[in-house]
Structure formats: C-alpha cells, structure tokens
Amino acid sequence: MERIKIKYFTDKIEKLAYIDGKSDWIDLRAAESVDMKEGEFRLIPLGVAMELPKGYEAHVVPRSSTFKNFGIVQTNHQGVIDSSYCGDEDQWFMPAYALRDTHIEVNDRICQFRIVENQPKLVFDEVETLENESRGGIGSTGKN
C-alpha cells in the first residue's frame, strides 16, 4: 500500500477517502463556493496539495455527474499532475468552463483522481511497413 502526504488548504472540505470495493477513483471537492456565468472560465481550487510517490502521476477527471449537476466541463478534459508538483503551495485546481449559469458550493464533489505509474521510457524504431493487416478506417469500427 502506497502512502501519500497530503496538505489541506481549508477545513471546509471533507478529507479524502479511499472507498474500498466501490471504486479506485477518489473524489475531489470544491474548496470554496463558486458562482460562474455561462461562458466563464475559472480555476476551481480543490483544497489539497500532495506529494505523490516517485514514478507516479495523478489523473484528474470530472465525475460522471459533474456536467448534469453543475453545467461545467473540465477544459483540459483530463488533468495530469506529476510527482514534481509537490510543494507547500502546489494546490490542485480544476480548470472549468460553464455552459450555463451555475453555483458550486464549498465541499461539492466536482472531480475525481487516481494515481498511475508513469509511462516507461520508449524508443521509436522507424520502419517502412508495420507488417500488419490494415483495418481501413478510424477507431474500432474500421469505418471512416
């Protein structure tokens, strides 16, 4: 089991909790109340900074209910926080864009994260052919 040092920037949000058996994603909460107008961009503070284990990174994504509940989308679609972002003032944020006027209350669950191992070092070998059958299209359907 990995241990992660965490600093909270407020006592107004619930502490992070790993819910064993339900999901390996951990909810993150708005660290302050936020009002956004349709078309507005805002970095929403999540109230935490962490020291991730070396060789790991955090992937931060919206919760499945975030758009339905708040009408916001995460502008980078998936945030990646590497282990070097670990200082005392390195608070995590969710970059959000409002598609309608909305209010997010302090402690509302707005996104989630998990940590994953960094990609191994790669070497690309250029070839003339991949010697595999072509599927002839885009994605899993093979259709344009």
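Everything here concerns the structure above.
Residues numbered from 1 in each chain as written. Predicted model: local features only at pLDDT ≥ 70, side-chain atom pairs only at ≥ 80, totals over all residues. Heavy atoms only, no water.

1. Here's the deal with the overall build of the chain
Step number 1: In terms of helices and strands, the chain carries 1 helix and 11 strands.
Step number 2: In the chain, the succession of helices and strands from N to C terminus is β-β-β-β-β-β-α-β-β-β-β-β.
Step number 3: Its C-alpha atoms give the chain a radius of gyration of 19 Å, clearly above 15 Å, the size a compact globule of 144 residues would have.
Step number 4: Taking the principal axes of the C-alpha coordinates as reference, the chain spans close to 60 × 40 × 30 Å. (Helix = DSSP H or I, 4+ residues; strand = E, 2+ residues; numbered from the N terminus. Rg over C-alpha atoms; globule rule 2.2 N^0.38 Å.)

2. Side note on the packing of aromatic side chains
Step number 1: Under the criterion given, the structure shown has 1 aromatic pair.
Step number 2: Considering the side-chain rings of Trp 92 and Phe 113, the 5.2 Å spacing of their centres and the 85° angle between planes classify their relative orientation as edge-to-face. In this pair, Trp 92 sits in the loop between β8 (79-82) and β9 (93-98) while Phe 113 sits in strand β11 (residues 109-117), placing the two residues 21 residues apart along the sequence.
Step number 3: Overall, the relative accessible area of 1% leaves Trp 92 in the buried class.
Step number 4: Judged by its relative accessible area of 4%, Phe 113 falls in the buried class. (Phe/Tyr/Trp six-rings, centres within 6.5 Å; stacked < 30°, edge-to-face > 60°. Buried < 20%, exposed > 50% of the residue type's maximum accessible area, 1.4 Å probe, protein only.)

3. Topic: the sheet that holds strand β7 (residues 72-74)
Step number 1: Read from one edge of the open sheet, 3 strands run β4-β9-β7, paired in antiparallel fashion. Among the strands making up the open sheet, the edge pair consists of β4 (41-45) and β7. Taken pair by pair, the neighbouring strands of this sheet meet at an average axis angle of 40°, ignoring direction.
Step number 2: Pairing of β7 with β9 involves 3 bridges; the strand directions are antiparallel. Each residue of the ladder has a partner; that of Val 73, found in β9, is Tyr 97. (Pairing = 2+ DSSP bridges. Axes fitted to C-alpha atoms, helices over the stretch in contact; angles between N-to-C directions.)

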